[in-house]
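Analysis of the macromolecular model
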Amino acid sequence: MTIGDFSRKSIILVGLLVPMLFWSFQLKDEVRGESLQSFYTIKAKRFLVKHDVIWDYVEINNRWIDIFASPDDKKNNIPECRLYWDEVGVFNTIVKKFRYEDAFATYKNKGTSRFDSLLIAQTSIIPTEKVIVNAKLPLAGKRIAIDPGHVGNDFQMGLIESRFVKMDLGDEKIEFSEAELTFATAYLLKDMLEAQGAEVILTRTSCNTSSLGISFSEWYKTRMDGDLIEAVNSGKISKEFADWLKNEASEAKVFQKFFQTLDWRERCKIINDFRPDLTLIIHYNADEENYTWSKPTTKNYNVAFVGGGYVKDELLKEEDRFQFLRQLVSTDIENSVKLSGSIVKCFENCLKVPTMTKKDESNSIKNFSLPTSQKGVYARNLALTRYILGPICYGESLLQDNIQECRALNKRDLDYPCGKTSSRVKDVATAYYKGIFEYLKINN
Ligand SMILES: [Zn+2]
(Lines give C-alpha, C1' and ligand atoms only; values in the text may rest on other atoms or scores of the structure.)
Protein backbone atom coordinates (compact mmCIF):
# COMPACT_ATOMS: atom_id res chain seq x y z
CA MET A 1 0.00 0.00 0.00
CA THR A 2 1.47 3.33 -1.03
CA ILE A 3 1.06 6.50 0.94
CA GLY A 4 -1.03 7.77 -1.92
CA ASP A 5 -3.40 4.75 -1.60
CA PHE A 6 -3.63 5.26 2.17
CA SER A 7 -4.44 8.92 1.78
CA ARG A 8 -7.00 8.22 -0.85
CA LYS A 9 -8.66 5.53 1.30
CA SER A 10 -8.51 7.83 4.34
CA ILE A 11 -10.13 10.60 2.41
CA ILE A 12 -12.88 8.23 1.28
CA LEU A 13 -13.30 6.95 4.88
CA VAL A 14 -13.37 10.45 6.37
CA GLY A 15 -15.67 11.47 3.55
CA LEU A 16 -18.07 8.73 4.62
CA LEU A 17 -17.65 9.13 8.38
CA VAL A 18 -18.19 12.88 8.60
CA PRO A 19 -21.64 12.88 6.97
CA MET A 20 -22.53 9.77 9.07
CA LEU A 21 -21.48 11.53 12.29
CA PHE A 22 -23.24 14.71 11.24
CA TRP A 23 -26.31 12.66 10.37
CA SER A 24 -26.15 10.88 13.75
CA PHE A 25 -25.84 14.22 15.66
CA GLN A 26 -28.66 15.65 13.63
CA LEU A 27 -30.72 12.52 14.32
CA LYS A 28 -29.94 12.82 18.05
CA ASP A 29 -31.01 16.48 17.99
CA GLU A 30 -34.19 15.57 16.16
CA VAL A 31 -34.98 12.75 18.60
CA ARG A 32 -34.24 15.11 21.49
CA GLY A 33 -36.34 17.79 19.79
CA GLU A 34 -39.23 15.39 19.28
CA SER A 35 -39.20 14.29 22.92
CA LEU A 36 -39.07 17.97 24.04
CA GLN A 37 -41.89 18.77 21.63
CA SER A 38 -43.95 15.94 23.06
CA PHE A 39 -43.11 16.81 26.72
CA TYR A 40 -43.98 20.51 26.41
CA THR A 41 -47.09 19.86 24.29
CA ILE A 42 -48.39 17.53 26.99
CA LYS A 43 -47.48 20.08 29.67
CA ALA A 44 -49.25 22.90 27.79
CA LYS A 45 -52.41 20.80 27.42
CA ARG A 46 -52.30 19.71 31.03
CA PHE A 47 -51.68 23.04 32.78
CA LEU A 48 -51.86 25.98 30.41
CA VAL A 49 -54.39 25.65 27.60
CA LYS A 50 -57.97 25.72 28.90
CA HIS A 51 -59.46 26.92 25.59
CA ASP A 52 -58.07 25.49 22.33
CA VAL A 53 -57.96 28.99 20.73
CA ILE A 54 -54.80 29.56 22.80
CA TRP A 55 -53.01 27.30 20.27
CA ASP A 56 -53.54 30.09 17.69
CA TYR A 57 -50.71 31.91 19.50
CA VAL A 58 -48.33 29.00 20.08
CA GLU A 59 -46.44 26.45 18.01
CA ILE A 60 -44.30 23.71 19.55
CA ASN A 61 -42.20 21.67 17.10
CA ASN A 62 -39.07 19.51 17.18
CA ARG A 63 -36.74 22.51 16.89
CA TRP A 64 -38.32 25.35 18.87
CA ILE A 65 -41.33 27.01 20.53
CA ASP A 66 -42.83 29.93 18.61
CA ILE A 67 -45.09 32.52 20.27
CA PHE A 68 -47.23 34.63 17.93
CA ALA A 69 -48.78 38.05 18.60
CA SER A 70 -52.03 37.08 16.84
CA PRO A 71 -53.70 34.15 15.05
CA ASP A 72 -53.01 35.96 11.73
CA ASP A 73 -49.30 36.10 12.53
CA LYS A 74 -49.39 32.35 13.12
CA LYS A 75 -51.10 31.75 9.77
CA ASN A 76 -48.44 33.92 8.09
CA ASN A 77 -45.66 32.33 10.14
CA ILE A 78 -44.39 35.57 11.72
CA PRO A 79 -43.36 34.65 15.28
CA GLU A 80 -43.01 37.31 17.96
CA CYS A 81 -40.49 35.17 19.85
CA ARG A 82 -38.76 31.91 18.91
CA LEU A 83 -37.13 29.89 21.68
CA TYR A 84 -34.84 27.15 20.35
CA TRP A 85 -34.70 24.02 22.50
CA ASP A 86 -31.06 24.60 23.45
CA GLU A 87 -31.99 28.11 24.73
CA VAL A 88 -34.53 27.01 27.34
CA GLY A 89 -31.92 26.98 30.16
CA VAL A 90 -30.66 30.48 29.30
CA PHE A 91 -34.23 31.84 29.07
CA ASN A 92 -35.08 30.39 32.51
CA THR A 93 -31.92 31.92 33.98
CA ILE A 94 -32.76 35.32 32.45
CA VAL A 95 -36.25 35.24 34.03
CA LYS A 96 -34.85 34.11 37.37
CA LYS A 97 -31.86 36.45 37.61
CA PHE A 98 -32.63 39.59 35.58
CA ARG A 99 -34.84 42.44 36.76
CA TYR A 100 -38.41 41.71 35.64
CA GLU A 101 -38.44 44.58 33.10
CA ASP A 102 -35.11 43.45 31.63
CA ALA A 103 -36.28 39.83 31.27
CA PHE A 104 -39.43 41.04 29.51
CA ALA A 105 -37.34 43.33 27.25
CA THR A 106 -35.22 40.30 26.29
CA TYR A 107 -38.40 38.50 25.19
CA LYS A 108 -39.60 41.58 23.28
CA ASN A 109 -36.31 41.93 21.39
CA LYS A 110 -35.70 38.28 20.59
CA GLY A 111 -37.74 37.63 17.46
CA THR A 112 -36.43 34.56 15.62
CA SER A 113 -32.74 35.29 16.31
CA ARG A 114 -30.73 33.38 18.88
CA PHE A 115 -29.60 34.86 22.20
CA ASP A 116 -26.25 36.57 21.63
CA SER A 117 -23.10 35.44 23.46
CA LEU A 118 -22.92 38.64 25.56
CA LEU A 119 -26.38 37.97 26.98
CA ILE A 120 -25.53 34.31 27.65
CA ALA A 121 -22.35 35.38 29.49
CA GLN A 122 -24.38 37.80 31.62
CA THR A 123 -26.68 35.02 32.85
CA SER A 124 -23.76 33.32 34.58
CA ILE A 125 -22.49 36.31 36.54
CA ILE A 126 -25.50 37.97 38.18
CA PRO A 127 -25.48 36.78 41.80
CA THR A 128 -28.57 36.31 43.96
CA GLU A 129 -27.98 37.71 47.42
CA LYS A 130 -29.33 36.05 50.52
CA VAL A 131 -29.32 37.22 54.12
CA ILE A 132 -28.88 34.31 56.50
CA VAL A 133 -29.90 35.52 59.94
CA ASN A 134 -29.38 32.35 61.96
CA ALA A 135 -27.94 29.44 59.99
CA LYS A 136 -28.98 26.88 62.60
CA LEU A 137 -32.69 27.51 62.19
CA PRO A 138 -34.58 25.23 59.76
CA LEU A 139 -35.75 28.04 57.45
CA ALA A 140 -32.43 29.95 57.48
CA GLY A 141 -31.72 31.32 54.01
CA LYS A 142 -35.32 30.92 52.81
CA ARG A 143 -37.15 33.93 51.45
CA ILE A 144 -40.91 33.80 51.72
CA ALA A 145 -43.35 36.40 50.35
CA ILE A 146 -46.89 36.60 51.71
CA ASP A 147 -49.69 38.49 50.00
CA PRO A 148 -52.70 39.15 52.24
CA GLY A 149 -55.59 39.28 49.75
CA HIS A 150 -57.82 42.39 49.33
CA VAL A 151 -57.45 45.77 51.04
CA GLY A 152 -60.55 46.50 53.10
CA ASN A 153 -59.87 45.86 56.74
CA ASP A 154 -62.98 47.76 57.74
CA PHE A 155 -66.45 46.63 56.78
CA GLN A 156 -67.14 49.70 54.60
CA MET A 157 -64.16 48.85 52.42
CA GLY A 158 -65.29 45.21 52.43
CA LEU A 159 -68.54 46.43 50.87
CA ILE A 160 -66.69 48.35 48.12
CA GLU A 161 -64.58 45.27 47.39
CA SER A 162 -67.62 43.02 47.68
CA ARG A 163 -65.64 40.80 50.04
CA PHE A 164 -67.51 40.64 53.32
CA VAL A 165 -69.84 38.50 55.41
CA LYS A 166 -72.75 40.16 57.18
CA MET A 167 -75.59 38.08 58.57
CA ASP A 168 -77.96 37.84 61.50
CA LEU A 169 -78.03 34.34 62.97
CA GLY A 170 -80.69 35.29 65.56
CA ASP A 171 -78.46 34.71 68.59
CA GLU A 172 -75.45 36.41 66.96
CA LYS A 173 -74.77 39.16 64.45
CA ILE A 174 -71.87 38.34 62.13
CA GLU A 175 -69.81 41.04 60.45
CA PHE A 176 -66.28 40.86 59.03
CA SER A 177 -64.37 41.52 55.81
CA GLU A 178 -62.13 39.00 54.06
CA ALA A 179 -59.19 41.45 54.14
CA GLU A 180 -59.38 41.54 57.93
CA LEU A 181 -58.88 37.75 57.98
CA THR A 182 -56.14 37.61 55.34
CA PHE A 183 -54.05 40.34 56.98
CA ALA A 184 -54.21 38.71 60.43
CA THR A 185 -53.34 35.31 58.90
CA ALA A 186 -50.35 36.78 57.04
CA TYR A 187 -49.15 38.67 60.12
CA LEU A 188 -49.32 35.62 62.42
CA LEU A 189 -47.69 33.42 59.76
CA LYS A 190 -44.86 35.92 59.23
CA ASP A 191 -44.02 35.75 62.94
CA MET A 192 -44.00 31.93 62.92
CA LEU A 193 -41.76 31.73 59.83
CA GLU A 194 -39.32 34.39 61.06
CA ALA A 195 -38.95 32.51 64.35
CA GLN A 196 -37.65 29.59 62.23
CA GLY A 197 -35.09 31.78 60.43
CA ALA A 198 -36.95 32.73 57.23
CA GLU A 199 -36.76 36.19 55.69
CA VAL A 200 -40.40 37.21 55.14
CA ILE A 201 -42.16 40.14 53.47
CA LEU A 202 -45.83 41.11 53.37
CA THR A 203 -47.19 43.02 50.36
CA ARG A 204 -49.45 45.04 52.68
CA THR A 205 -47.60 46.14 55.76
CA SER A 206 -50.45 47.54 57.79
CA CYS A 207 -54.00 46.32 58.19
CA ASN A 208 -55.72 49.32 56.64
CA THR A 209 -53.57 49.89 53.58
CA SER A 210 -53.24 48.50 50.08
CA SER A 211 -49.91 47.45 48.59
CA LEU A 212 -49.46 51.11 47.52
CA GLY A 213 -48.95 52.00 51.19
CA ILE A 214 -52.22 53.94 51.53
CA SER A 215 -55.88 53.00 51.85
CA PHE A 216 -58.21 53.06 48.85
CA SER A 217 -60.13 56.07 50.23
CA GLU A 218 -56.91 58.06 50.72
CA TRP A 219 -55.80 57.13 47.20
CA TYR A 220 -59.24 58.15 45.83
CA LYS A 221 -58.88 61.59 47.44
CA THR A 222 -55.20 62.27 46.86
CA ARG A 223 -53.67 60.17 44.08
CA MET A 224 -56.39 59.14 41.67
CA ASP A 225 -56.07 62.14 39.34
CA GLY A 226 -52.30 61.75 38.97
CA ASP A 227 -52.49 57.98 38.42
CA LEU A 228 -55.22 58.40 35.78
CA ILE A 229 -53.11 60.95 33.88
CA GLU A 230 -50.12 58.62 34.03
CA ALA A 231 -52.20 55.65 32.82
CA VAL A 232 -53.49 57.71 29.86
CA ASN A 233 -50.00 59.00 28.98
CA SER A 234 -48.50 55.50 29.05
CA GLY A 235 -51.31 54.15 26.84
CA LYS A 236 -52.73 51.80 29.49
CA ILE A 237 -56.22 53.37 29.33
CA SER A 238 -58.01 55.75 26.99
CA LYS A 239 -58.73 59.40 27.82
CA GLU A 240 -62.50 58.66 27.56
CA PHE A 241 -62.22 55.84 30.09
CA ALA A 242 -60.19 58.04 32.46
CA ASP A 243 -62.83 60.79 32.20
CA TRP A 244 -65.61 58.28 32.91
CA LEU A 245 -63.75 56.99 35.98
CA LYS A 246 -63.15 60.53 37.23
CA ASN A 247 -66.57 62.06 36.57
CA GLU A 248 -69.19 59.33 36.45
CA ALA A 249 -68.09 56.04 38.00
CA SER A 250 -68.99 55.15 41.60
CA GLU A 251 -66.18 54.54 44.11
CA ALA A 252 -66.83 50.80 43.85
CA LYS A 253 -66.49 50.94 40.04
CA VAL A 254 -63.25 52.95 40.28
CA PHE A 255 -62.00 50.28 42.66
CA GLN A 256 -62.95 47.36 40.38
CA LYS A 257 -62.04 48.90 37.04
CA PHE A 258 -58.81 50.71 37.89
CA PHE A 259 -57.47 50.66 41.44
CA GLN A 260 -57.51 46.86 41.76
CA THR A 261 -55.17 46.47 38.79
CA LEU A 262 -52.77 49.09 40.22
CA ASP A 263 -52.80 47.26 43.54
CA TRP A 264 -52.30 43.79 41.96
CA ARG A 265 -49.40 44.98 39.83
CA GLU A 266 -47.72 46.57 42.84
CA ARG A 267 -48.11 43.32 44.81
CA CYS A 268 -46.43 41.39 41.99
CA LYS A 269 -43.63 43.96 41.75
CA ILE A 270 -42.93 43.86 45.51
CA ILE A 271 -42.80 40.06 45.39
CA ASN A 272 -40.71 39.71 42.22
CA ASP A 273 -38.20 42.35 43.42
CA PHE A 274 -37.76 40.32 46.64
CA ARG A 275 -36.97 37.13 44.64
CA PRO A 276 -38.58 34.75 47.12
CA ASP A 277 -38.10 30.98 47.27
CA LEU A 278 -41.87 30.71 47.50
CA THR A 279 -44.95 32.93 47.68
CA LEU A 280 -48.26 32.52 49.47
CA ILE A 281 -51.30 34.48 48.32
CA ILE A 282 -53.78 34.32 51.16
CA HIS A 283 -57.54 34.35 50.63
CA TYR A 284 -60.60 32.90 52.34
CA ASN A 285 -63.29 31.32 50.22
CA ALA A 286 -67.06 31.93 50.13
CA ASP A 287 -69.86 29.95 48.51
CA GLU A 288 -70.33 31.46 45.04
CA GLU A 289 -73.98 30.35 45.00
CA ASN A 290 -74.63 32.03 48.36
CA TYR A 291 -73.77 35.58 47.19
CA THR A 292 -74.53 38.18 48.99
CA TRP A 293 -73.45 36.00 51.93
CA SER A 294 -76.29 37.26 54.12
CA LYS A 295 -77.30 33.76 55.24
CA PRO A 296 -75.11 30.80 56.18
CA THR A 297 -74.26 27.76 54.04
CA THR A 298 -73.57 24.21 55.21
CA LYS A 299 -70.90 23.68 52.53
CA ASN A 300 -67.23 23.83 53.48
CA TYR A 301 -64.00 22.97 51.64
CA ASN A 302 -60.46 24.17 50.85
CA VAL A 303 -58.94 24.80 47.45
CA ALA A 304 -55.74 26.36 46.02
CA PHE A 305 -54.67 27.80 42.67
CA VAL A 306 -51.44 27.83 40.69
CA GLY A 307 -50.71 29.54 37.35
CA GLY A 308 -52.03 28.29 33.98
CA GLY A 309 -55.52 27.60 32.61
CA TYR A 310 -55.50 30.29 29.88
CA VAL A 311 -58.85 30.99 28.21
CA LYS A 312 -59.90 32.90 25.08
CA ASP A 313 -58.48 36.45 24.78
CA GLU A 314 -55.93 35.94 27.55
CA LEU A 315 -52.93 36.15 25.20
CA LEU A 316 -53.81 39.51 23.65
CA LYS A 317 -51.07 41.35 25.57
CA GLU A 318 -47.37 40.84 24.87
CA GLU A 319 -46.53 40.63 28.57
CA ASP A 320 -49.05 37.82 28.99
CA ARG A 321 -47.50 35.89 26.12
CA PHE A 322 -44.09 36.32 27.81
CA GLN A 323 -45.60 34.89 31.00
CA PHE A 324 -47.17 32.01 29.10
CA LEU A 325 -43.76 31.06 27.69
CA ARG A 326 -42.14 31.42 31.14
CA GLN A 327 -44.76 29.17 32.72
CA LEU A 328 -44.38 26.64 29.89
CA VAL A 329 -40.60 26.23 30.03
CA SER A 330 -39.82 26.79 33.73
CA THR A 331 -40.70 24.42 36.55
CA ASP A 332 -42.67 27.15 38.38
CA ILE A 333 -46.05 25.49 37.76
CA GLU A 334 -44.85 22.01 38.76
CA ASN A 335 -43.29 23.39 41.98
CA SER A 336 -46.42 25.45 42.67
CA VAL A 337 -48.53 22.28 42.38
CA LYS A 338 -46.27 20.54 44.93
CA LEU A 339 -46.36 23.54 47.31
CA SER A 340 -50.12 23.99 46.99
CA GLY A 341 -50.72 20.25 47.33
CA SER A 342 -48.79 20.22 50.63
CA ILE A 343 -50.68 23.28 51.89
CA VAL A 344 -54.13 21.93 50.94
CA LYS A 345 -53.34 18.66 52.78
CA CYS A 346 -52.39 20.68 55.88
CA PHE A 347 -55.61 22.75 55.55
CA GLU A 348 -57.55 19.49 55.67
CA ASN A 349 -55.59 18.08 58.64
CA CYS A 350 -55.27 21.25 60.75
CA LEU A 351 -58.69 22.78 60.04
CA LYS A 352 -60.66 19.51 59.82
CA VAL A 353 -62.22 20.85 56.63
CA PRO A 354 -62.26 18.62 53.52
CA THR A 355 -60.44 19.39 50.28
CA MET A 356 -62.61 20.41 47.33
CA THR A 357 -63.78 17.47 45.23
CA LYS A 358 -65.41 17.37 41.80
CA LYS A 359 -68.92 17.68 43.22
CA ASP A 360 -67.97 20.95 45.02
CA GLU A 361 -66.53 22.58 41.90
CA SER A 362 -68.11 26.00 41.33
CA ASN A 363 -68.86 27.37 37.85
CA SER A 364 -65.78 29.58 37.94
CA ILE A 365 -63.61 26.53 38.63
CA LYS A 366 -65.29 24.47 35.89
CA ASN A 367 -65.10 27.29 33.33
CA PHE A 368 -61.75 28.90 34.11
CA SER A 369 -59.39 26.29 35.52
CA LEU A 370 -57.70 22.97 34.90
CA PRO A 371 -57.35 20.25 37.57
CA THR A 372 -53.82 19.15 38.50
CA SER A 373 -52.33 15.94 39.87
CA GLN A 374 -52.98 17.22 43.42
CA LYS A 375 -56.51 17.02 44.77
CA GLY A 376 -57.97 20.50 45.39
CA VAL A 377 -55.23 22.28 43.36
CA TYR A 378 -56.26 23.95 40.08
CA ALA A 379 -54.35 25.85 37.37
CA ARG A 380 -56.06 29.22 36.97
CA ASN A 381 -54.96 32.38 35.20
CA LEU A 382 -55.38 35.15 37.78
CA ALA A 383 -53.24 38.33 37.83
CA LEU A 384 -51.36 37.06 40.87
CA THR A 385 -50.87 33.52 39.57
CA ARG A 386 -49.66 34.89 36.22
CA TYR A 387 -47.16 37.64 37.11
CA ILE A 388 -45.51 36.23 40.25
CA LEU A 389 -42.37 34.25 39.45
CA GLY A 390 -41.32 31.06 41.26
CA PRO A 391 -43.42 28.58 43.27
CA ILE A 392 -46.74 30.00 44.48
CA CYS A 393 -49.78 28.88 46.40
CA TYR A 394 -52.95 30.96 46.00
CA GLY A 395 -54.82 29.55 48.96
CA GLU A 396 -58.58 29.72 49.42
CA SER A 397 -59.09 28.13 52.82
CA LEU A 398 -62.57 27.24 54.14
CA LEU A 399 -65.89 28.96 53.37
CA GLN A 400 -66.30 32.14 55.43
CA ASP A 401 -70.09 31.93 55.12
CA ASN A 402 -70.24 28.36 56.45
CA ILE A 403 -72.48 28.18 59.53
CA GLN A 404 -69.71 27.11 61.95
CA GLU A 405 -66.88 29.04 60.31
CA CYS A 406 -68.67 32.41 60.33
CA ARG A 407 -69.24 32.10 64.08
CA ALA A 408 -65.61 31.04 64.67
CA LEU A 409 -64.24 33.85 62.47
CA ASN A 410 -66.47 36.43 64.17
CA LYS A 411 -65.15 35.61 67.66
CA ARG A 412 -62.13 37.94 67.69
CA ASP A 413 -60.80 36.08 70.74
CA LEU A 414 -57.10 36.56 69.97
CA ASP A 415 -55.01 39.73 70.41
CA TYR A 416 -52.37 40.50 67.82
CA PRO A 417 -50.44 43.72 67.12
CA CYS A 418 -53.07 45.06 64.69
CA GLY A 419 -55.97 44.50 67.09
CA LYS A 420 -58.12 41.45 67.59
CA THR A 421 -58.58 38.39 65.44
CA SER A 422 -60.02 34.92 65.82
CA SER A 423 -58.18 31.78 66.98
CA ARG A 424 -59.61 30.17 63.82
CA VAL A 425 -57.39 32.56 61.83
CA LYS A 426 -54.41 31.29 63.84
CA ASP A 427 -55.39 27.72 62.81
CA VAL A 428 -55.26 28.77 59.17
CA ALA A 429 -51.84 30.43 59.65
CA THR A 430 -50.58 27.21 61.30
CA ALA A 431 -51.86 25.15 58.35
CA TYR A 432 -49.87 27.31 55.89
CA TYR A 433 -46.81 27.06 58.16
CA LYS A 434 -46.97 23.25 58.27
CA GLY A 435 -47.63 23.10 54.52
CA ILE A 436 -44.41 25.04 53.84
CA PHE A 437 -42.38 22.55 55.91
CA GLU A 438 -44.03 19.63 54.09
CA TYR A 439 -43.17 21.16 50.73
CA LEU A 440 -39.57 21.91 51.67
CA LYS A 441 -39.18 18.31 52.92
CA ILE A 442 -40.29 16.84 49.59
CA ASN A 443 -38.63 19.47 47.42
CA ASN A 444 -35.12 19.66 48.94
ZN1 LIG B 1 -60.40 36.68 48.25
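Please read all numbers here as calculations on a predicted model, not as lab measurements. (Residues numbered from 1 in each chain as written. Predicted model: local features only at pLDDT ≥ 70, side-chain atom pairs only at ≥ 80, totals over all residues.)

Digging into the domain arrangement of the chain
Here is the rule we go by: Note: domain ranges come from an automatic or database domain assignment. C-beta atoms are placed from the backbone for every residue, and two residues are taken to be in contact when these atoms lie within 7 Å. Put simply, DSSP H or I for four residues or longer makes a helix, DSSP E for two residues or longer makes a strand, and each gets a number counted from the N terminus. Gly counts as polar in this scheme, as do all residues outside two lists: the nonpolar Ala, Val, Leu, Ile, Met, Phe, Trp, Tyr, Cys and Pro, and the charged Asp, Glu, Lys and Arg.
Partitioning the chain into structural domains gives domain 1 (30-123) and domain 2 (143-443). Opposite the 25 residues of domain 1 that make contact, domain 2 presents 23 residues. Secondary structure elements with two or more residues in the side of domain 1 that touches domain 2: α1 (3-48), β2 (64-67), β3 (81-84), α3 (88-97) and α4 (100-110). With five residues, α1 is the largest single contributor of residues to the side of domain 1 that touches domain 2. Looking at side-chain class alone, the side of domain 1 that touches domain 2 contains 19 nonpolar, two polar and four charged residues.

Here's the deal with the pairing of strand β6 (residues 173-177)
To keep things clear, this is the line we draw: Pairing between strands requires that DSSP locate at least two bridges from one strand to the other.
With five bridges connecting them, strand β5 (residues 164-168) and β6 associate as antiparallel partners. Within the sheet, the bridge partner assigned to Phe164 lies in β6 and is Ser177. Connecting β5 to the antiparallel partner β6 that follows it, the hairpin turn spans four residues, and Gly170 within it adopts a positive phi of roughly 90°.

Concerning the sheet that holds β2
Which entries qualify depends on this criterion: Angles run from 0 to 180 degrees between N-to-C directions of axes, and those axes are lines fitted to C-alpha atoms, restricted for helices to the stretch in contact.
Here three strands make up an open sheet; going across it, the order is β1-β2-β3 and the pairing antiparallel. Edge positions in the open sheet fall to β1 (58-60) and β3, since each of these has one partner strand only. Shown here is a sheet whose adjacent strand axes are inclined to one another by a mean of 10°, direction ignored. Both β1 and β2 contribute to a ladder of three bridges, which runs antiparallel. Each residue of the ladder has a partner; that of Val58, found in β2, is Ile67. Sheet strands in contact with helix α12 (residues 318-329) are β2 and β3, and its direction is about 155° off that of β2.

A word on the sheet that holds strand β4 (residues 143-148)
Across the sheet, which stays open at both edges, the seven strands sit in the order β7-β4-β8-β12-β9-β11-β10 with mixed pairing between neighbours. Lying at the two open borders of the sheet, with one neighbouring strand each, are β7 (199-202) and β10 (369-371). Each adjacent strand pair in this sheet contributes to an overall mean axis angle of 25°, direction not counted. Relative to strand β12 (residues 392-399), strand β9 (residues 303-306) runs antiparallel, the two being bridged by three bridges. Bridge pairing links Val303 to Glu396 in β12. Against the sheet, helix α13 (residues 332-351) touches β8 (278-285), β9, β11 (377-380) and β12, its axis set at about 25° to β12.

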